[in-house]
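Next come the chains, spelled out residue by residue.
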Amino acid sequence: MKAVSCVNSSLEVVDLPSPRPDDGQLVLDVLRCGICGSDLHAKDHADELTDVFAEGGYHDFMRSDTPVVMGHEFCGVVAERGRKVGKEFTPGTTVVSFPLVRAAGGVHLTGLSPVAPGGYAEQVVAEAALTFAVPNGLDPAIAALTEPMAVAFHAVRRSDITTKDVAIVLGCGPVGLAVIAHLKARGVRTIVASDFSPGRRALATRCGADVVVDPAAESPYEAVPAKQRGLTELPALYELGIGSMEKLRKVPGWSHVYRVADRLGGTAPKRPVIFECVGVPGMIDGVIGAAPLASRVIVVGVCMGDDKLRPAMAIGKEIDLRFVFGYTPLEFRDTLHMLADGKVDASALVTGTVGLGGVAAAFEALGDPETHAKILIDPASAAVAP
């Protein structure tokens, strides 16, 4: 079969043996495979990630000097099934799969390990237990977005955001756009999106952002409607505390009143839920320094290098910092069905398609935020440019 091999930062179409399924596995004919931001980074900086995963106990992440077939965002058709696979996966069934696979005596990250080749190929192996039939005739191009949309779904769920909260999304690349789409589907009433790129700001509006700002010209925190804006300076919090107590102490049984108000959430300052979807050094500390007091920050963007922050600033402002990664099998399944049922619209993310021979050009094109957000690979296509 034809596949795209990555080694020493070079992408090349190569011939590889067609895969065979082990027990409980499927071989899929790839219909579409998305190019992920992590793929872009891994192409040139795989060894940085290798060291991080090795510290976590996983020693088979891709390395710069070892050929690997990337691609973990794929939709395909069942071509062959191994023993112990259920009848729901008959050949010809269109499916998507959670990108984990058993190989070489362990469980590996599909498309991010040399022992688990991914979807930049005509065929890919998937675990039947982690595979889901695509419902409602969903377009394979949208079905292939299940994986990145599941990342965003997990982040939004972990944020504990309510429809009344203000959401601020920093960075409108594919991950940020996916977060916006899920926030919109969840019914969040005020979504502020921030990005330096005019093209990405336009996509953010299409995905459902209510307010879109250029951070070079306007603070996303100041773009929040005045009635929903939180406190940004500590003296304002101190004044609120004293002023409130001056009034409360005049009320008989004031502590009981305070306790009821506290239980109902009436004593906490207004604060946004911030989704950091940029993932570059300095971003987290910048958010902590600029965000309103008591903000909840959900770190979705993956910063590959070392970073630093000022704990005293986060403590003084009582910032709630949450890191998120991946998704659960149920979130993956539910994301697929939300896409198929039209409950979440991800169509704005797809901005181009190439064949295997155009993958290198697609990587280069994705370096320009004004041109593309998500480029898909169609192994049957002859397109060499997105």
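Look above for the structure.
Attention here is on the structure that accompanies the text.

Definitions and cut-offs
- Residues numbered from 1 in each chain as written.
- Predicted model: local features only at pLDDT ≥ 70, side-chain atom pairs only at ≥ 80, totals over all residues.
- Heavy atoms only, no water.
- Phe/Tyr/Trp six-rings, centres within 6.5 Å; stacked < 30°, edge-to-face > 60°.
- Helix = DSSP H or I, 4+ residues; strand = E, 2+ residues; numbered from the N terminus.
- Buried < 20%, exposed > 50% of the residue type's maximum accessible area, 1.4 Å probe, protein only.
- Lys NZ or Arg CZ within 6 Å of the ring centre and 35° of its normal.
- Arc of directions from axis to C-beta.
- Contact = heavy atoms within 4.5 Å.
- Polar contact = N/O pair within 3.5 Å; in protein donor to acceptor, adjacent residues only side chain to side chain.
- Pairing = 2+ DSSP bridges.
- Core = buried A, V, L, I, M, F, W, Y, C linked by side-chain atoms within 4.5 Å.
- Axes fitted to C-alpha atoms, helices over the stretch in contact; angles between N-to-C directions.

## Considerations on the packing of aromatic side chains
Now for step 1: Per the counting criterion, the structure on display carries eight aromatic pairs.
Now for step 2: Centre to centre, the rings of Phe98 and Tyr327 are 5.0 Å apart; their planes meet at 75°, and the pair counts as edge-to-face. Note that Phe98 is positioned in the loop between β5 (94-97) and β6 (100-103) and Tyr327 in the loop between β15 (320-323) and α10 (329-340), a separation of 229 residues in sequence. The pair Phe98 / Tyr327 is uniform in exposure class, with both members buried.
Now for step 3: Arranged with centres 5.7 Å apart and planes meeting at 55°, the rings of Phe98 and Phe332 form a pair that is tilted. Note that Phe98 is positioned in the loop between β5 and β6 and Phe332 in helix α10, a separation of 234 residues in sequence. The pair formed by Phe98 and Phe332 is uniform in burial state, with each residue classed as buried.
Now for step 4: Here the aromatic cluster, defined as three or more aromatic residues joined through ring pairs, consists of Phe98, Phe132, Tyr327 and Phe332.
Now for step 5: Between Arg157 and the ring centre of Phe153, over which it is positioned, the NZ or CZ distance is 5.9 Å.

## Here's the deal with helix α5 (residues 198-207)
Now for step 1: Buried within α5 we find Arg200, Arg201, Leu203, Ala204 and Cys207. Buried residues of α5 fall within an arc of 160° about the axis and therefore sit on the same side.
Now for step 2: Those residues of α5 hidden inside the fold are in contact with α4 (174-186), β11 (190-194) and β12 (211-213).
Now for step 3: The N-cap residue of α5 is Ser197: its side-chain oxygen and the backbone nitrogen of Gly199 are 3.3 Å apart.
Now for step 4: Remark: Gly208 follows α5 within two positions and exhibits a positive phi of approximately 125°.

## With respect to the pairing of strand β8 (residues 123-127)
Now for step 1: Buried residues dominate β8, accounting for five of its five residues.
Now for step 2: Here β8 shows two buried faces, one formed by Gln123, Val125 and Glu127 and the other by Val124 and Ala126.
Now for step 3: Bridge count for strand β3 (residues 25-34) against β8 is five bridges, and the pairing is antiparallel. Among the inter-strand pairings, Gln25 is bridged to a residue of β8, identified as Glu127.

## Overview of the nonpolar core
One broad rule of soluble globular proteins: the nonpolar side chains tend to lie buried together.
Now for step 1: Counting 54 residues, the largest nonpolar core has Met149, Ile180, Leu183 and Phe275 as the members making the most contacts within it.
Now for step 2: Counting residues per element, the ones that place at least two in this core are α2 (140-143), α3 (146-159), β10 (166-170), α4, β11, α5, β13 (273-276) and α10.
Now for step 3: Among the elements that take part in this core, α3 stands out by supplying seven residues, more than any other.
Now for step 4: The next biggest cluster of nonpolar side chains, apart from the first, holds 40 residues, and it includes Leu26, Ala42, Leu49 and Leu356.

## Structural notes on the sheet that holds β10
Now for step 1: An order of β12-β11-β10-β13-β14-β15 is seen for the six strands of this open sheet, with the pairing classed as parallel. Edge positions in the sheet fall to β12 and β15, since each of these pairs with one other strand and no more. Here the average twist between neighbouring strands, direction ignored, is 20°.
Now for step 2: Sheet analysis places β10 next to β11, joined by five bridges and oriented parallel. Bridge pairing in β11 places Leu170 opposite Ser194.
Now for step 3: Where α4 meets the sheet, its contacts fall on β10, β11 and β13, and the angle it forms with β10 comes to roughly 165°.
Now for step 4: Across the face of the sheet, helix α8 (residues 283-290) comes into contact with β10, β13, β14 (296-299) and β15 while running at roughly 160° to β13.

## Quick notes on the pairing of β3
Now for step 1: Judged by how many residues are buried, β3 sits mostly within the fold: seven of 10 residues are covered.
Now for step 2: Note that β3 and strand β4 (residues 73-81) share eight bridges and pair antiparallel. Counted as the bridge partner of Leu26 is Arg81 from β4.
Now for step 3: Pairing of β3 with strand β17 (residues 374-377) involves two bridges; the strand directions are antiparallel. Each bridged residue has a counterpart across the sheet, and for Gly34 the counterpart in β17 is Leu376.

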